[in-house]
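So you can see what is in the structure, the chains are spelled out below.
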Amino acid sequence: MGSLVVSKSRTCIKHLCTSWVVNPLYFRPTLAYLPQQSIMHTVRFIINPHTQYYSTKGDKQAHDRVAKEKGFTPRTRPAFPNSVFTAGTAKRTAEYMKKRAGVDTEELSNNTPARGRGSVKVALPDHPLTTSEWAKVKESSSKPERFEMQMMEGLLATNADINIAKSLLAYVVQDKGTVSYELLLRYLTLCVTGGHHSEVFDTYDIMKTCFKTLDTGASSLFIKGFSQTERWREALMVLEGMKKALLPSPRNYSDTIAGAALHGDTETSWMLYDELLELGLVPNQDTWQCLFQSGITQRGQEDKLFSVLSHMRDNQIYPEEPLIQTIKAWFESLPDQKWSGKFSYVAPSGECKNCKTSLESIQLTEEEYAALKDKVMKKVIEGSDVFKKTTPEELQSFKSFVKQRPPFDIVIDGLNVANTTPKATHSETLLAVVSELEQQGLNILVLGRKHMLQPSRNWDRQNMNKIKQKAHCFFTENISEDDPFLLYAALHSGVHCNFLSRDLMRDHKACLSDSATRRLFFKWQRGHQLVISHYVPGKRVRFQRILAYDTIVQTSGGSWHIPYDENRGDRATYEVPQKWLCLTQEH
């Protein structure tokens, strides 16, 4: 027995429908009118004041994420991390700079009212209303033409009682004799997010009867809604229907995979997962979580789940905290394998603080380095775009300059480094950095621009002469972009050569055509880029340390180390997590 009101509303709305031939993917029609006598006959029952409103709430507990393991208390990270690639650095730096500029970010966020698509601008009722009561509320609306949509969006934004939404639909049918596609879609969203399964079924029957096809939004909602119920196979039918018009999203596949896994059909869940990968789609965290959760209760999926971990390694993907908890539980559930998981950190040397295993080096192998050098030289250095910011003659002159000198130990982005602090002139800052590195016995290349050689308040001639005595220097035209020169010199010098710059090279990484090369570039960058961490004029220059290990999923047979996102919102795309799950086998 489903919802009384929606069940009767369905009868009413079906009579209001016509056979639509327009595809709602491009146009969303409203329902046609019937003669007033037929409408009133069906509506009288809907607005009967003695009608008992109720809904069938789905069992949401079966779909809640795995609870956090008891006793797991994350350690507070230091305020100033050791690497520019450490998760959260970009966010904390931005907050620090705002505070220095006199902007209190917390105060700003507290005083700024949140305004969004679902923000409520009108008072919402706290119980179902009759049609006459809804009519009175509408009279006080500042935008009566948008009243129904505003109300339904408000109910959706506040996750209100589904029965209030039903009474609103009943009023709309009574008042207009029709219900718009958009209004039904908002109501459907409320049903799905609230786990009101019978109402989802009723709305599906109504919309399938009234509309020849469903748009992407409705199809996605029905896939999600059906996947949570015993009618989960119908979600597969909706997914097949979507494929005829467009490519389903990873979220659509995630919902159907979850539906199959939840109801014990592991064969279908893995078939859908393989199809998702073949289409070139990126699985989301929920997809992997439901597969690992299924592996805890149903054996025989070990090889496939280990292949998921390999996929994460190959694509430099980091599980978020709910998923890592499930992965830990899956390992520990494997019979007779005696896996034990602990949450850990890794020392700068690359040693896991829990099991003392040394993790994989951040340094590229000879084969990886040769492949990266070839791709960067062809795409970034010799590509057609490079001459938009330099000339063939200048680039050739620089190549000859590099080849005539011994391999460099470090290449400095001079203009970038010179702008490190406002407390000293540019030439003073650059000289301090070069002097610090010269004391370490390094062969140094400073890249700059020709305007740096013209004496000024920022560019002292004496300082620049000292820099030229301590390092090799190459000055490009003022309009030239120096990043390609820096990359060429560093890669040409060999695997030992580092570079110093605050520029994170995201544009050049994006120029690389395939994801494997982009991952190699990022690995090389993390293992070779120096950044100044602290400099006060007159004192020693300090650099952020380069980590010795690679932050990817890795195994040595008897152990697994999986880096994960403690708080995904704190990490920029070019940063890497600092927390690890260490899994070891007891012998």
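Summary of the structure given here. (Residues numbered from 1 in each chain as written. Predicted model: local features only at pLDDT ≥ 70, side-chain atom pairs only at ≥ 80, totals over all residues. Heavy atoms only, no water.)

**A word on the overall build of the chain**
Logical step 1: From N to C terminus, the chain includes 24 helices and eleven strands.
Logical step 2: Counting only residues that meet the buried cut, the chain has 49% of its 587 residues in that class.
Logical step 3: In the chain, of all internal contacts separated by at least 6 residues, the share reaching a separation of at least 24 is 73%.
Logical step 4: Carbon and sulfur atoms form 50% of the exposed surface of the chain, whose accessible area is close to 28,800 Å². (Helix = DSSP H or I, 4+ residues; strand = E, 2+ residues; numbered from the N terminus. Buried < 20%, exposed > 50% of the residue type's maximum accessible area, 1.4 Å probe, protein only. Contact = heavy atoms within 4.5 Å. Areas by Shrake-Rupley, 256 points an atom, 1.4 Å probe, with all protein chains shown as cover.)

**Regarding the pairing of strand E3 (residues 444-449)**
Logical step 1: Burial of E3 is extensive: six of the six residues sit out of reach of the surface.
Logical step 2: Residues of E3 alternate between two faces, with Ile444, Val446 and Gly448 on one and Leu445, Leu447 and Arg449 on the opposite face, all of them buried.
Logical step 3: Relative to E3, strand E2 (residues 410-413) runs parallel, the two sharing four bridges. Residue pairing across strands places Val411 opposite Leu445, the latter belonging to E3. (Pairing = 2+ DSSP bridges.)

**Here we look at the nonpolar core**
Logical step 1: Core analysis: the biggest nonpolar cluster contains 76 residues, and Met207, Phe222, Leu309 and Ile327 have the highest contact counts within it.
Logical step 2: Looking at which element gives the most residues to this core, the answer is helix H8 (residues 181-193), with nine residues.
Logical step 3: Once residues within four sequence positions are removed from consideration, Leu309 is found in contact with Phe292, Ile327, Phe331, Val553, Trp560 and Ile562.
Logical step 4: Counting 30 residues, the second largest nonpolar core, distinct from the first, contains Leu372, Ile381, Phe401 and Leu491. (Core = buried A, V, L, I, M, F, W, Y, C linked by side-chain atoms within 4.5 Å.)

**Points about the sheet that holds strand E10 (residues 559-564)**
Logical step 1: Reading across the sheet, the four strands line up as E1-E11-E10-E9 and stay open at both edges, with antiparallel pairing between neighbours. Two strands bound the open sheet, and with one partner strand each, they are strand E1 (339-344) and strand E9 (554-555).
Logical step 2: Where E9 meets E10, two bridges bridge the pair, whose relative direction is antiparallel. Considered in E10, the bridge of Thr555 is made with Trp560.
Logical step 3: Sheet contacts for helix H16 (residues 321-333): E1, E10 and strand E11 (579-585); angle to E1, the most-contacted strand, approximately 155 degrees. (Axes fitted to C-alpha atoms, helices over the stretch in contact; angles between N-to-C directions.)

**Looking at the sheet that holds strand E6 (residues 529-530)**
Backbone hydrogen bonds hold the strands of a sheet together, and the pairing may be parallel or antiparallel.
Logical step 1: What the five strands build is an open sheet, ordered E4-E3-E2-E5-E6; its pairing is parallel. The open sheet has two edge strands with one neighbour each: strand E4 (472-476) and E6.
Logical step 2: Packed onto the sheet, helix H18 (residues 392-403) meets E3 and E4 and runs at close to 175 degrees relative to E4.
Logical step 3: Of the strands in this sheet, E3 and E4 touch helix H21 (residues 461-470), which is tilted by about 120 degrees from E4.

**Here's the deal with the packing of aromatic side chains**
Logical step 1: Per the stated rule, a full pass over the model turns up 24 aromatic pairs.
Logical step 2: Plain terms: the ring middles of Phe306 and Trp330 are 5.2 Å apart, the flat faces sit at 70 degrees to each other, and that makes the pair edge-to-face. Of this pair, Phe306 sits in helix H15 (residues 302-314) while Trp330 sits in helix H16, and the two are 24 residues apart along the sequence.
Logical step 3: Classification of Trp330 by relative accessible area gives buried; the value is 0%.
Logical step 4: Centroid distance Trp330 to Phe331: 5.0 Å. Interplanar angle 70 degrees. Geometry classified as edge-to-face. The exposure classification of Trp330 matches that of Phe331, with both residues buried.
Logical step 5: An aromatic cluster is defined as three or more aromatic residues linked by ring pairs; in this entry it consists of Phe292, Phe306, Trp330, Phe331, Trp339 and Trp560.
Logical step 6: Between the NZ or CZ atom of Arg231 and the centre of the ring of Phe201, over which it lies, the distance is 4.1 Å. (Phe/Tyr/Trp six-rings, centres within 6.5 Å; stacked < 30°, edge-to-face > 60°. Lys NZ or Arg CZ within 6 Å of the ring centre and 35° of its normal.)

**Observations concerning the environment of Ile412**
Logical step 1: Locating Ile412 in the fold gives a position in strand E2.
Logical step 2: Along the backbone, Ile412 and Val433 are 21 residues apart, and their C-alpha atoms lie at a distance of 9.3 Å.
Logical step 3: For Ile412, the contacting residues outside a window of four places in its chain are Val417, Leu430, Val433, Val434, Leu437, Ile444, Leu445, Val446, Leu447 and Leu500.

**So, H8**
Logical step 1: The end-to-end C-alpha separation of H8 is 18 Å, in line with the 18 Å expected for 13 residues at 1.5 Å each.
Logical step 2: For H8, the tally of buried residues reaches eleven of 13 residues, placing the bulk of the element in the interior.
Logical step 3: Every buried residue of H8 is accounted for by Tyr181, Leu183, Leu184, Leu185, Arg186, Tyr187, Leu188, Thr189, Leu190, Cys191 and Val192.
Logical step 4: Count one or two residues on from H8 and you reach Gly195, which has phi positive near 70 degrees. (Expected span 1.5 Å × (residues − 1).)

**Let's talk about the environment of Val434**
Logical step 1: By the secondary structure assignment, Val434 is in helix H20 (residues 426-438).
Logical step 2: Val434 sits in the buried class, given a relative accessible area of 0%.
Logical step 3: Remark: the alpha-carbon pair of Val434 and Gly414, spanning 20 residues in sequence, is separated by 9.6 Å.

**Quick look at helix H9 (residues 197-210)**
Logical step 1: Spanning 14 residues, H9 covers 20 Å between terminal C-alpha atoms, matching the ideal 20 Å at 1.5 Å per step.
Logical step 2: For H9, the buried fraction is high: eleven of the 14 residues fall into the buried class.
Logical step 3: Residues of H9 that are buried include every one of His197, Ser198, Glu199, Val200, Phe201, Asp202, Thr203, Tyr204, Ile206, Met207 and Cys210, and no others.

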